[in-house]
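Analysis of the macromolecular model
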Amino acid sequence: DSGRLQLSRRAGGLDADDEAALASAASFAFENYDQAGTGPESLCSFVDACLGREHYVGAGAEVGLAVVRAIDAMYRSARSGRLEACAPGEG
């Protein structure tokens, strides 16, 4: 149990759907930080990829780009106070 999902709303308070989503993702295992181990799985996968070995891809480049676009839209929305587009191919 190394992670926890938190949700905050500008207007405050959570609705029933928010509460249900948070309850289903109350905690999760994020990485293995055992001091006796070989390091977090994400780092091990990165090293394997660099060495051309088979490796786990949790989120590829397309997912990464979508996340960056979503974060950009969030910052623009916070600045403008309006809903901002986050469309594929934007930016």
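Quick caveat, the model's predicted, so the values are computed rather than measured.

Moving on, we come to helix H3 (residues 61-80). The terminal C-alpha atoms of H3 lie 28 Å apart, and with 20 residues this matches the ideal 28 Å at 1.5 Å per residue to within 8%. Downstream of H3 by one or two residues, Gly 81 has phi in the positive range, about 75°.

Looking now at the pattern of salt bridges. Applying the stated criterion across every chain yields a total of four salt bridges. Of the charged contacts, one joins Arg 76 and Asp 72 as a salt bridge, the two residues approaching to 2.8 Å between their closest N and O atoms. Highlighted residues: Arg 76 and Asp 72, both in helix H3, separated by four residues, approximately one helical turn. Owing to a relative accessible area of 36%, Asp 72 belongs among the partly exposed residues under this scheme. The salt bridge partner of Arg 76 is Glu 84, with a shortest N-O separation of 3.4 Å. One connected set of salt bridges, linked through shared partners, spans Asp 72, Arg 76, Arg 82 and Glu 84.

Parameters at a glance
Residues numbered from 1 in each chain as written. Predicted model: local features only at pLDDT ≥ 70, side-chain atom pairs only at ≥ 80, totals over all residues. Heavy atoms only, no water. Helix = DSSP H or I, 4+ residues; strand = E, 2+ residues; numbered from the N terminus. Expected span 1.5 Å × (residues − 1). Salt bridge = Lys/Arg side-chain N within 4 Å of Asp/Glu carboxyl O. Buried < 20%, exposed > 50% of the residue type's maximum accessible area, 1.4 Å probe, protein only.

So far we have only geometry, and geometry alone does not tell us how the molecule works.
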